[in-house]
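Listed below, chain by chain, are the residues.
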Amino acid sequence: MGDDVRLRAATRGSPLALWQVEHVSSLLAPAGVEVEPVVVETSGDVVLDRPIWEIGGKGVFVKEVQAAVLDGRADFAVHSAKDLPSVEVDGLVLACVPERGEPRDALVGSTLADLPTGALVATGSVRRRAQLAWLRPDLTFTGLRGNIATRLAKAPDFGAIVMAAAALERLGMADRAAEVLEPDVMLPQVGQGALAIEARAGDDPVLAALAGIEHGPSRVAVDAERGFLAELGGDCDLPAGAHAVVDADGSLVLEGLLASLDGHVVLRESVSGAFSDAAALGHALARSLLDDHGGAALLA
């Protein structure tokens, strides 16, 4: 876009969200683009005494941020990709996905093996709860809301808390993780560890600038995972996760999960395909879990 270009980025006001905007700013700086944060308070930041799934699902962290772009207060929005519903909003497009960070989940306070029988684990995620209940039926669970510092401060009250490893890394707190859980132990949330940047459809100068920080492999992985979630219903209230990676032979490998809320039923399957069919691969995997593995009964 040339020198002395200043773009406004809508964002939540948490330390992690502001780190994300600063990171995007650093990626755009070599192209002569300066970024001004436009901090927006979301309903997910205000309502902290109820689980996320009770107040509208993952969209509670993005709707007000998207509105700031749509009404012209900002030129683009920076989201944690895991917070972005898979159904696009009219007037906005997913402009780019920068290189993905750490997708895995982390336990703070104890490793999984060292948790005593009946230990209380705190997490606000039904996906995390269901998978831990499947692995350790003896564990008990409670909710956990708030920003990263708030949740970490509460960690001593529980046997362990579960967090995104990327959040800890980005805020310089990676040493707080007692264990980072591999995807074959706990499948991550769709888009976890990635950033999703939205802009107005047709805003060609902004879209052109953002295209310069797109990371191809990260984009196709996120597209595949979001395709999986879209086929389940856009913002599925049940425990669901997906993780896509580029295999050694260059193909895209996607694993998906759908579970019951209590973790008694956990369905997992993986598929592989071409980069060009990323979203279709996600749709196909979801349909297989729903139609061929009994997942439709969980959604009923």
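These numbers come from a predicted model, not from an experiment.

Basis of the calculations
- Residues numbered from 1 in each chain as written.
- Predicted model: local features only at pLDDT ≥ 70, side-chain atom pairs only at ≥ 80, totals over all residues.
- Heavy atoms only, no water.
- Helix = DSSP H or I, 4+ residues; strand = E, 2+ residues; numbered from the N terminus.
- Rg over C-alpha atoms; globule rule 2.2 N^0.38 Å.
- Buried < 20%, exposed > 50% of the residue type's maximum accessible area, 1.4 Å probe, protein only.
- Contact = heavy atoms within 4.5 Å.
- Areas by Shrake-Rupley, 256 points an atom, 1.4 Å probe, with all protein chains shown as cover.
- Lys, Arg positive; Asp, Glu negative; His and termini not counted.
- Charge placed at Lys NZ, Arg CZ, Asp CG, Glu CD.
- Pairing = 2+ DSSP bridges.
- Core = buried A, V, L, I, M, F, W, Y, C linked by side-chain atoms within 4.5 Å.
- Axes fitted to C-alpha atoms, helices over the stretch in contact; angles between N-to-C directions.

A.B. asks: What am I meant to see in the overall build of the protein chain here?
C.D. replies: Within the protein chain one finds ten helices and 13 strands. Taking 300 residues into account, the globule formula puts the C-alpha radius of gyration at 19 Å, and the protein chain, at 19 Å, falls close to it. By principal-axis analysis of the C-alpha atoms, the protein chain measures approximately 60 × 45 × 35 Å. When burial is assessed residue by residue, the protein chain has 51% of its 300 residues classed as buried. A separation threshold of at least 6 residues defines the contact pool for the protein chain, and within that pool the share at least 24 residues apart is 69%. Of the roughly 12400 Å² of accessible surface on the protein chain, a fraction of 52% belongs to carbon and sulfur atoms. Within the protein chain, the 43 negative side-chain charges are centred at a point lying 6 Å from the centre of the 24 positive side-chain charges.

A.B. asks: Explain the environment of Ala 122 to me, please; I cannot follow it from the model alone.
C.D. replies: In this fold, Ala 122 is placed in strand β6 (residues 120–122). Taking the C-alpha atoms as reference, Ala 122 lies 33 Å from Pro 217; in sequence the two are 95 residues apart.

A.B. asks: How do you make sense of the pairing of strand β12 (residues 252–259) when you look at a structure like this?
C.D. replies: Working note: regular strand, side chains alternate between the two faces of the sheet. Across the eight residues of β12, six count as buried, placing the element largely inside the fold. Judged from the seven bridges that link them, strand β11 (residues 240–246) and β12 form a sheet pairing that is antiparallel. By the bridge assignment for β12, Val 245 is matched with Val 253. When β12 meets strand β13 (residues 266–273), the two strands line up antiparallel, connected through eight bridges. Along β13, the bridge assignment pairs Leu 252 with Gly 273. Linking two consecutive strands that pair antiparallel, namely β12 and β13, is a turn of six residues; a positive phi of about 80° is found at Gly 263 within it.

A.B. asks: What is the right way to look at the nonpolar core in this model?
C.D. replies: Within soluble globular proteins, side chains that are nonpolar generally end up buried alongside one another. Counting 21 residues, the largest nonpolar core has Ala 224, Phe 228, Leu 232, Ala 244, Leu 252, Leu 254 and Leu 258 as the members making the most contacts within it. Listed by contribution, the elements that provide at least two residues to this core are α8 (216–232), β11, β12 and α9 (278–292). Phe 228 has contacts with Gly 241, Ala 242, Gly 256, Leu 257, Gly 282, His 283, Leu 285, Ala 286 and Leu 289, leaving out every residue within four places of it along the chain. Val 21, Ala 95, Leu 195 and Ile 197 belong to the second largest nonpolar core, which has 19 residues in total.

A.B. asks: Just checking my understanding: could you explain the sheet that holds strand β10 (residues 195–200) for this structure?
C.D. replies: Hydrogen bonds between backbone groups are what pair the strands of a sheet, and the pairing can be parallel or antiparallel. Judged by pairing direction, the sheet is mixed, and its five strands sit side by side in the order β2-β1-β3-β10-β4 without closing on themselves. Looking along the sheet, the strands with just one partner apiece sit at the ends: β2 (33–39) and β4 (92–96). Shown here is a sheet whose adjacent strand axes are inclined to one another by a mean of 35°, direction ignored. In terms of strand pairing, strand β1 (residues 5–11) meets strand β3 (residues 76–80) through two bridges, oriented parallel. The residue bridging Ala 10 from the neighbouring strand is Ala 77, located in β3.

A.B. asks: What is the right way to look at the sheet that holds strand β7 (residues 140–142) in this model?
C.D. replies: Overall, mixed pairing links the five strands, which are arranged β7-β6-β8-β5-β9 in an open sheet. Two strands in the sheet have a free side with no partner beyond their single neighbour: β7 and β9 (177–181). Averaged over all neighbouring strand pairs, the angle between strand axes comes to 30°, with direction disregarded. With four bridges connecting them, strand β5 (residues 105–108) and β9 associate as antiparallel partners. Paired with Val 108 across the bridge in β9 is Ala 177.

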